[in-house]
Amino acid sequence: QSVVINSRTLLEPVALKEGIPIDQFEGNWIAGQKLGTEILELQYNSEDGDQALAIVAAITSSYLADFEAEAEVRPKVIVEYEALADSLSEQIAAKSAEIADLTKELRGNVASPALTAALQDRAALNASYQQVQLQIAGANVFIQQANTPVLVTQPFLLKEPVGPLPARRAIFGVLAGLALAAAFVFIALRIAAGRV
């Protein structure tokens, strides 16, 4: 899903709508799986907070809509199981009709080998039908769990800007300056010590 959320198929329509060239859009777009979880994080960096919020909301909406559209299409495995269940149901009905005919013919007499065989066949068909129904239920649960994303948090603006951060840069600048000054003092002392 990390690949899907970063695909141009998903991003380009939003970039076009916002009037942002796709390369620039992708440069400001950060999305992927949160480490150690199944959560996808989406982020768009922009000087315009409203635009960033609108972009994240639009992509989230589009991503979820794609899943809803897929969920409406019956997966092939379930369609095949349902076709098999229908076929078994028809065979059970036909076997039940055959048993009814054999029972009428016997008119309460001792059961015939043909009736016994038909009853065994129907029991086997019923067991197969029940097994297929269990497979359909299991597949439905698995597909629902695997393919249904849930929106955990509504899109929001960060309290602090992503960048530039002048205060942080100033602190790093001061620290780098102090380290450089200390290095010059150390070198100067070594040179002075070497002359004495």
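None of these values were measured; they are calculated from a predicted model. (Residues numbered from 1 in each chain as written. Predicted model: local features only at pLDDT ≥ 70, side-chain atom pairs only at ≥ 80, totals over all residues. Heavy atoms only, no water.)

(A) Broad picture of the overall build of the protein. Across its full length, the protein holds seven helices and two strands. Beginning at the N terminus, the succession of helices and strands in the protein can be written as α-α-α-β-β-α-α-α-α. Counting across all 196 residues of the protein, residues that qualify as buried make up 19%. Pairs at least 24 residues apart make up 58% of the contacts formed inside the protein by residues separated by at least 6 positions. With an accessible surface of roughly 14,300 Å², the protein has 60% of that area assigned to carbon and sulfur atoms. (Helix = DSSP H or I, 4+ residues; strand = E, 2+ residues; numbered from the N terminus. Buried < 20%, exposed > 50% of the residue type's maximum accessible area, 1.4 Å probe, protein only. Contact = heavy atoms within 4.5 Å. Areas by Shrake-Rupley, 256 points an atom, 1.4 Å probe, with all protein chains shown as cover.)

(B) Just the environment of Arg-122, in detail. Looking at the element boundaries, Arg-122 is found in helix α6 (residues 113–147). Each C-alpha atom of the pair Arg-122 and Gln-91 lies 8.3 Å from the other, and the pair is 31 residues apart in sequence. The contact partners of Arg-122, leaving out residues within four places of it in the chain, are Ile-92, Lys-95, Ser-96 and Ile-99.

(C) The arrangement of the pattern of salt bridges in detail. Under the criterion given, the structure shown has five salt bridges. Note that Glu-98 and Lys-95 form a salt bridge whose closest N and O atoms lie 3.3 Å from each other. With Glu-98 and Lys-95 both in helix α5 (residues 76–106) and three residues apart, the pair spans about one turn of that helix. We classify Glu-98 as partly exposed; its relative accessible area is 35%. (Salt bridge = Lys/Arg side-chain N within 4 Å of Asp/Glu carboxyl O.)

(D) Main features of the nonpolar core. Among the nonpolar cores identified, the biggest contains 17 residues, and Ile-5, Leu-11, Phe-25, Trp-29, Tyr-44, Ile-55 and Ile-59 are the most heavily contacted of them. Sorting the residues of this core by element identifies α2 (8–18), α3 (22–28), β1 (29–33) and α4 (49–72) as the ones contributing at least two each. Top element by residues in this core is α4. It accounts for six residues. With near-sequence residues (within four places) excluded, Tyr-44 lies in contact with Ile-20, Phe-25, Asn-28, Trp-29, Ala-52, Ile-55 and Val-56. Residues Leu-88, Ile-92, Leu-125 and Ile-136 belong to the second largest nonpolar core, which totals six residues. (Core = buried A, V, L, I, M, F, W, Y, C linked by side-chain atoms within 4.5 Å.)

(E) Looking closely at the pairing of strand β2 (residues 40–44). Of the pairings in the sheet, the one linking β1 to β2 comprises five bridges and is antiparallel in character. Each residue of the ladder has a partner; that of Gly-32, found in β2, is Glu-41. What sits between β1 and β2 in their antiparallel hairpin is a turn of six residues, with Gly-36 showing a positive phi close to 80°. (Pairing = 2+ DSSP bridges.)

(F) Inspection of the environment of Ala-57 at higher detail. Tracing the sequence through the fold places Ala-57 in helix α4. Owing to a relative accessible area of 33%, Ala-57 belongs among the partly exposed residues under this scheme. In this structure, the C-alpha to C-alpha distance between Ala-57 and Leu-42, residues 15 residues apart in sequence, is 9.5 Å.

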